[in-house]
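Analysis of the macromolecular model
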Amino acid sequence: MSNIARFGVSLEEGLLRQFDALCLQRGYQTRSEAIRDLIRGSLVREDWEDEGKEVAGSLILVFDHHEGDLSRRLTAIQHDFHACIIASLHVHLDHDNCLETLILKGRVSALRGLAQRLISTKGVKHGQLNLATTGHGLE
């Protein structure tokens, strides 16, 4: 870390007790570490609102690979967004169901567009986009 700035925070006693319990539950050594994580989390969530911002993330899909030509359609969509997909993992959950995880990096709008196209494809049982950060701009 570069220069450290110190500042005071005023909280109601009840809120401070709840915060201390949360710090203990999550294993923070100090309140400062917990506050830093809360601030970073807010900054990252703010990035997700900027459609032009570059972010990282993952997309999880669960689907029945026996469903028509679903596997081919999902692959075709992924090829349309190849610049956003860093890696993929395909797992056979059972005889019928597959789980696919895509690791993504790109503009928020592109990642959301990819996720929406894949999740809304007929035959996909579940899909979840999880946005993260590239780490740039965070201390």
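Refer to the structure above for everything that follows.
Here's a quick rundown of the structure.

What counts as what
Residues numbered from 1 in each chain as written. Predicted model: local features only at pLDDT ≥ 70, side-chain atom pairs only at ≥ 80, totals over all residues. Heavy atoms only, no water. Pairing = 2+ DSSP bridges. Helix = DSSP H or I, 4+ residues; strand = E, 2+ residues; numbered from the N terminus. Axes fitted to C-alpha atoms, helices over the stretch in contact; angles between N-to-C directions. Contact = heavy atoms within 4.5 Å. Parallel < 35°, antiparallel > 145°, perpendicular 65-115°, else oblique. Nonpolar A, V, L, I, M, F, W, Y, C, P; charged D, E, K, R; others polar. Salt bridge = Lys/Arg side-chain N within 4 Å of Asp/Glu carboxyl O.

1. A closer look at the sheet that holds strand β4 (residues 124–131)
Spatially, the 4 strands line up as an open sheet ordered β2-β3-β1-β4, and their pairing is antiparallel. Every interior strand has two partners, whereas the edge strands, β2 (85–92) and β4, have only one. Averaged over neighbouring strand pairs, the angle between their axes works out to 15° when direction is ignored. In terms of strand pairing, strand β1 (residues 54–64) meets β4 through 7 bridges, oriented antiparallel. Across the sheet, G57 pairs through a bridge with L131, a residue of β4. Strands β1, β2, β3 (97–107) and β4 of the sheet are contacted by helix α4 (residues 108–119), whose axis makes an angle of about 160° with β3.

2. Things to note about the packing of helix α3 (residues 70–80) against α4
Geometry of a packed helix pair, given as the angle between the helix axes and the separation of the axes. Two elements in contact, α3 and α4, have axes separated by 10 Å at closest approach and are oriented at 170°. Compared by their axis directions, α3 and α4 come out roughly antiparallel. In contact with L74, I77, Q78 and D80 of α3, α4 contributes L114, R117 and L118. Residue composition of the contact of α3 with α4, grouped by class: 4 nonpolar, 1 polar and 2 charged.

3. Some details on the pattern of salt bridges
Under the definition given, this model contains 6 salt bridges. In this structure, the salt-bridge partner of D69 is R72, at a minimum N-O distance of 2.6 Å. Where salt bridges share partners, they join D69, R72 and R73 into one cluster.

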